[in-house]
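An overview of the molecular structure
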Amino acid sequence: MNLSIIIPLLNEEESLQELHAWIGKVMLSEGYSYEILFIDDGSSDNSWQLIQKLSEEHPQVRGLRFLRNYGKSQALHAGFKAAQGDVVITMDADLQDNPEEIPELYNLITRDGYDLVSGWKKKRYDSVLSKNMPSKLFNWAARRTSGVKLHDFNCGLKAFNKTVIKNIEVSGEMHRYIPVLAKNAGFSNIGEKVVAHQARKYGKTKFGMERFINGLLDLITIWFISKFARRPMHLFGALGVIMFIIGFGFAIYLGIDKLFINKFGRLITDRPQFYIALTAMLLGTQLFLAGFLGEILVRNRRNDSRYTISEVVNFKDEYI
Ligand code: UDP
Ligand code: MG
């Protein structure tokens with residue numbers, strides 16, 4: 001199979017049929033073998049009924065419905081797990097991403113050997129204040145911390161080599177940083193393609209201003225994870241040892257001073273160095289323990305899923 005098209009959606013009943021028809025048209029003209037994976041992230045409208053209907057009429061349509069709303073990242077995760085195509089495309093369901101871009105994205109992966117190609121909404125049709133400006137700042141911060149040189153991390157339209165998506169784990173709200181996850185997993189051939197972008201035709205955006213706060217926190221997490229998640233002892237252990245040595249140094253100093261130099265001077269507990277020694281040694285031990293516990297966790301990590309699926313159409317069990 002050439003292509004898997006993964007579409008996470010939340011309450012997008014107005015767009016689904018139009019989107020499906022549009023993708024179908026492009027697929028037909030290019031002659032691809034493909035599947036469309038609709039991941040219903042707990043919609044409360046008629047989205048799931050529409051997906052069921054589409055899948056009855058078209059064998060390429062597969063659907064998966066979450067029991068409740070788990071978020072776009074989880075939806076993508078479920079889609080990645082199920083995808084069977086050589087090239088995997090992700091796109092939003094709201095008709096903002098243009099299916100006509102798919103053939104060129106496909107070529108960039110298969111012909112030019114990219115691991116991942118991210119769309120770049122160079123000309124955006126979203127509100128300037130609530131989206132375009134903060135997103136510029138946000139992309140800049142992401143570029144600086146991750147070293148991945150993309151203009152538009154959060155673009156829903158992306159293409160992947162199958163190996164990439166089978167080797168990354170999208171959790172939390174990390175869908176914004178999939179290219180960074182890919183880079184951390186060792187896929188360095190990351191490209192970018194300017195893509196057409198439309199204004200939202202139906203419904204309204206599912207992410208408010210909190211996206212930027214969450215996005216920034218996720219950025220810190222991802223920086224931390226990429227550096228230390230596999231070796232927590234190297235951060236916490238090192239900090240702990242340094243703290244402990246500082247504290248111990250002060251304790252030795254106080255001891256020598258009291259025993260040999262100022263035998264009849266102030267009480268040790270009256271001296272500021274005492275409190276520095278005490279805090280530093282306590283903190284040092286705690287940090288060291290945190291590192292140690294971290295190492296144990298890393299070693300015991302299970303691959304547990306974080307969502308519950310309530311219904312499927314056209315799915316074989318092994319892909320859930
Ligand atoms: N979406 C989802 N789960 C959520 C929120 C959004 O699957 O919890 C889907 C949504 O239906 C759409 C895509 O993610 O297909 C992008 O969402 P939206 O268009 O609201 O984001 P924006 O374009 O405003 O960044
Ligand atoms: Mg949108």
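Our subject is the structure listed above.
First, a word on what this report is: a plain description of the structure on this page.

Conventions we followed
Residues numbered from 1 in each chain as written. Chains lettered and ligands numbered in written order. Predicted model: local features only at pLDDT ≥ 70, side-chain atom pairs only at ≥ 80, totals over all residues. Heavy atoms only, no water. Core = buried A, V, L, I, M, F, W, Y, C linked by side-chain atoms within 4.5 Å. Buried < 20%, exposed > 50% of the residue type's maximum accessible area, 1.4 Å probe, protein only. Helix = DSSP H or I, 4+ residues; strand = E, 2+ residues; numbered from the N terminus. Contact = heavy atoms within 4.5 Å. Donors = N, O, S within 2.8 Å, 3.2 Å for Na, K, Ca; no water. Pairing = 2+ DSSP bridges. Axes fitted to C-alpha atoms, helices over the stretch in contact; angles between N-to-C directions. Near = heavy atom within 4 Å. Polar contact = N/O pair within 3.5 Å; in protein donor to acceptor, adjacent residues only side chain to side chain. Nonpolar A, V, L, I, M, F, W, Y, C, P; charged D, E, K, R; others polar. Salt bridge = Lys/Arg side-chain N within 4 Å of Asp/Glu carboxyl O. Parallel < 35°, antiparallel > 145°, perpendicular 65-115°, else oblique. Left-handed = near helix turned anticlockwise from the far one by under 90°.

As for the nonpolar core
The nonpolar side chains of a soluble globular protein tend to be buried with one another. Among the nonpolar cores identified, the biggest contains 38 residues, and I6, I39, F66, F80, F160 and Y177 are the most heavily contacted of them. Of all the secondary structure elements, the ones that give two or more residues to this core are β2 (34-40), β3 (61-66), α3 (72-82), α5 (128-146), α6 (162-166), α7 (178-184) and α8 (210-228). Considering every element that reaches this core, the biggest residue donor is α3, with five residues. Setting aside residues up to four positions removed in sequence, I6 forms contacts with L37, I39, L76, G79, F80, A83, V88, I89, T90 and M91. Among the nonpolar cores identified, the runner-up in size contains 34 residues, and L19, V87, Y106 and V195 belong to it.

Quick word on unusual backbone geometry
It is generally the case that most residues other than glycine have a negative phi and that most peptide bonds are trans. Positive phi is not limited to glycine here, since N11 has a value of about 50°. Along the chain, the position of N11 falls in the loop between β1 (3-9) and α1 (13-30). The phi angle at L95 is positive, at roughly 70°, despite the residue not being glycine. Inspection of the secondary structure puts L95 in the loop between β4 (87-90) and α4 (102-110).

Focus on the coordination of the magnesium ion (ligand 2)
Tetrahedral metal sites with four donors have an ideal angle of 109.5 degrees; octahedral sites with six donors have ideal angles of 90 or 180 degrees. Every protein donor of the magnesium ion (ligand 2) is listed here as D94 (OD) and Q96 (OE1), and their distances to the metal cover 1.9 Å. The two residues D94 and Q96 agree in class, both being buried.

A short note on the sheet that holds β2
Spatially, β7-β5-β6-β4-β1-β2-β3-β8 is the arrangement adopted by the eight strands of the open sheet, whose pairing is mixed. Strand pairing shows two members of the sheet lacking a second neighbour, β7 (190-194) and β8 (309-313), which therefore form its edges. In this sheet, neighbouring strand axes are inclined to one another by 15° on average, regardless of whether the strands run parallel or antiparallel. Here strand β5 (residues 116-120) runs beside β7; their pairing, made up of five bridges, is parallel. Its bridge partner being in β7, V117 is matched across the sheet by G191. Where α4 meets the sheet, its contacts fall on β1, β4, β5, β6 (158-161) and β7, and the angle it forms with β4 comes to roughly 140°.

Digging into the site of ligand 1
Around ligand 1 sit 18 residues, and of these E12, D41, D94, T205 and K206 come closest. Measuring from an oxygen atom of ligand 1, one finds a backbone N or O atom of P8 at 2.9 Å. Q96 is positioned with one of its side-chain polar atoms (N or O) 2.9 Å from an oxygen atom of ligand 1. Per-class residue counts for the shell around ligand 1 are five nonpolar, four polar and nine charged.

Things to note about the pattern of salt bridges
The tally for this structure, following the rule as stated, stands at 13 salt bridges. The partner of E12 in a salt bridge is R200, and the shortest N-O contact between them spans 3.0 Å. Of this pair, E12 sits in the loop between β1 and α1 while R200 sits in the loop between β7 and α8, and the two are 188 residues apart along the sequence. A salt bridge links R111 to D112; its shortest N-O distance comes to 2.9 Å. Since its relative accessible area comes to 53%, R111 is described here as exposed.

With respect to the packing of α1 against helix α2 (residues 47-57)
The geometry of α1 relative to α2 is characterised by a closest axis approach of 8 Å and an angle of 20° between their N-to-C directions. With respect to their mutual orientation, α1 and α2 come out roughly parallel. Handedness of the α1/α2 crossing: right-handed. Counted together, E13, L16, Q17 and H20 of α1 and S47, L50, I51, K53 and L54 of α2 form the full contact between these two elements. The class makeup of the residues in the contact of α1 with α2 is four nonpolar, three polar and two charged.

None of the figures reported here should be taken as evidence of function without further support.
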